[in-house]
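Structural features, examined
Here is what each chain is made of, one letter per residue.
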Amino acid sequence: MMACSGSREGVKVSVARPAAALLCAALASHGVPPLFAQSCDAHLGIRFSEEAASYGIDFHHEAHHSSMSYPLEVMGSGVALFDYDNDGRLDIFFANGAAFPDPNTSKEAPHKAGPQDWNRLYHQKADGTFEDVTAKAGLAGDDYAMGVAVGDYDNDGYDDLFVAGFPHNHLYHNNGNGTFTDVTAQAGLAGDVGWSTSAAWVDLDQDGRLDLVVLRYFQWNFDDRDCPTPDGKRSYCDPKIFPAIAPLVYHNDGNGHFTEVAAKIGMGRPGKGLGLAIGDYNRDGKIDLFIANDGMDEFLYRNKGNGTFEETGVSANVATDDNGRDFAGMGVVFDDLNNDGLPDIVVDDLALQTYSYYMNRGDGTFDYASPQAGLSRLTMGHSGWGIHTMDAGNSGVKDLIAVRGHVNVDIKKDNPQLNYLEPPALLHNTSRGFDDISGCLGPIATEPFAGRGLATGDLDNDGRIDAVMTANNGRAYVLHNESSTGHHWITLTLVGTASNRDGIGAEVHVTTAKTSQWTTVSTTGSYQSASDKRVHFGLGGDSTIRSIEILWPSGAKQTVVPPAVDRFYTVTEGKGITAVSCGNAVCPATVVATPQQAQ
């Protein structure tokens, strides 16, 4: 057997022998960095520290590994950062596993066997530490939870929570008093739906209400499939042997009820979906969706503007890698990485594949840019799951942060250069490509774990973006950004009126004397996780902003000119800047500029 061959746990690598040989040669002789990179350019001023314990976060994910090697056990679960009680501080929700018989010959549904299996909600207190309020909030959950989506589906000003999993999903309505009510049945979302993974709240038809897109992995129900390793050990099966399954797309009917419309609107194509993100890739003012599939073509759904969608992955050149091969798509980024106003796509996958970077050409197609951007070299030896943009040093360009780890606990036996457990990665955007500066993450850069979920947001409102990570069958990690770059920044909360209240799907364009930046308001992306809905822009050395232009999901256009940087602003559709804060600091007296109204 070749040193670079072998299976992986749960979602096996499927690489032809000649291709594997080329990858092995590249790993050996083309400058692939060490697996546990510790580099950090001190001149960047970027620094993180891991603070889960000091913050009071003691979550531990329960995978419930069995003797049967069920694929459910290795896929992990997500995390959400959102301010559920509107106190101005981000709170943290973790999805968790559940128990099932070993072996599960009766195909009994997983259940929460005790508090160790509960999903967990941590409320952030005024002093920056967190308290577990799961029981009070009513979010302990049931079933084997996987993905998390955050959005205010009824536009009442409080963000609600959707938890995807196996074999049921759950919708929790935020009551506005610190508690949630499970409204799954009355919302029309009940029933055995199979294995759901990532989900997204997004207004698909621009009616001002958030719809819900739920990915499913493949058709499976504790099937007894043994896919042994070469030495005869029972192992996890390649997803290629399981039938694909269509996503669930729920239209928001506006009365607390949803109707499933995937086939009706053109999104019923079966896939093996793990990652989901939104963006307007062709700049037509309509939100599009990208789906990261495992071991088959990736999907790009173009919004046709009439309530229906067209799958354009092949024609847009984002369905495969640059050699026409499929890969194990898992986490996804759909954001503008080179500040040209066009959202690009990054999909991470397994070691011996490379993270796929699709650079938007502006004509409805993408260039495969991983080699030119340095991502092929940096990622070939690493698996990736949760991934997100983050301007770590507020320099004005978006970096990438990712959690890593293989899925085959025995991968090193067949591939000595690979590891089941891996530390996270921080890839610095130089505007010419990416450099690995994972050492700037601190000691965690050498602490390997089975990374899965990842969400980003400014936990302590200091103008620097932090990250929360989950591990399969392991603890959670909280990375506090302690960078000292001296760079400026601005953070915006959008409040829709004609648009959905969260402003999800809005495009925000910030212009300073030196740069222009664009991003889309979203809570989805990464892998099974939900990040802070606020949009954050690092400004580098620019101390003033010329303009902020917003294209709302309703089609309204709005321009505001904030009077100062290093602030948190609330922008309300049709009204302009309606609130300003300096986070935990006291703002100097400023006069809010009169905004231009929506046009």
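Thresholds applied
Residues numbered from 1 in each chain as written. Predicted model: local features only at pLDDT ≥ 70, side-chain atom pairs only at ≥ 80, totals over all residues. Heavy atoms only, no water. Pairing = 2+ DSSP bridges. Helix = DSSP H or I, 4+ residues; strand = E, 2+ residues; numbered from the N terminus. Axes fitted to C-alpha atoms, helices over the stretch in contact; angles between N-to-C directions. Buried < 20%, exposed > 50% of the residue type's maximum accessible area, 1.4 Å probe, protein only. 1 Å grid on protein atoms, 1.4 Å probe; cavity = no way out; pocket = protein on both sides within 12 Å on 5 of 7 lines; lining within 4 Å. Points joined across faces, edges and corners; volume = space filled by probe spheres on them. Nonpolar A, V, L, I, M, F, W, Y, C, P; charged D, E, K, R; others polar.

**Details of the sheet that holds strand S13 (residues 258-260)**
- The antiparallel open sheet is built from four strands, whose spatial order is S10-S11-S12-S13. Each edge of the open sheet carries a strand with a single partner, namely strand S10 (196-202) and S13. Pairwise comparison of adjacent strand axes, ignoring direction, gives a mean angle of 20° for this sheet.
- Alignment of strand S12 (residues 248-252) against S13, held across three bridges, turns out to be antiparallel. Paired with histidine 251 across the two strands is threonine 259, which belongs to S13.

**Observations concerning the pairing of strand S27 (residues 451-457)**
- With seven of seven residues buried, S27 lies mostly within the body of the structure.
- Bridge count between S27 and strand S28 (residues 466-471): five bridges; the pairing is antiparallel. What sits directly across from leucine 454, in S28, is methionine 469.

**So, unusual backbone geometry**
- A cis amide bond links aspartate 102 to the next residue, proline 103, at an omega of 0°.
- Checked against the element boundaries, proline 103 lands in the loop between strand S3 (91-94) and strand S4 (120-124).
- Looking along the chain, the bond that leaves phenylalanine 166 and enters proline 167 is cis, with omega of -5°.
- Of note, proline 167 is situated in the loop between strand S7 (160-166) and strand S8 (170-174).
- Unlike most non-glycine residues, asparagine 86 shows phi in positive territory, near 55°.
- Counting through the fold element by element, asparagine 86 comes out in the loop between strand S2 (79-82) and S3.
- Here the phi dihedral of asparagine 394 falls at roughly 55°; this positive angle occurs in a residue that is not glycine.
- Relative to the assigned elements, asparagine 394 resides in the loop between strand S23 (387-390) and strand S24 (399-402).

**A closer look at empty space enclosed by the protein**
- Taken as a whole and judged by the stated rule, the model has seven cavities of 30 Å³ or more.
- As a volume, the largest cavity reaches approximately 500 Å³.
- Lining the largest cavity we find 33 residues, and of these Asp335, His388, Thr389, Thr456 and Thr519 sit closest to its centre.
- Listing elements by their share of the lining of the largest cavity, those giving two or more residues are strand S14 (273-279), strand S19 (332-335), S23, S27, strand S32 (516-520) and strand S33 (535-540).
- Its volume calculated, the second largest cavity comes out at about 130 Å³.
- Along its surface, the second largest cavity is lined by 13 residues, and Gly285, Lys286, Ile287, Gly505 and Pro553 are the ones closest to its centre.
- Here the residues of the lining of the second largest cavity sort into five nonpolar, four polar and four charged.

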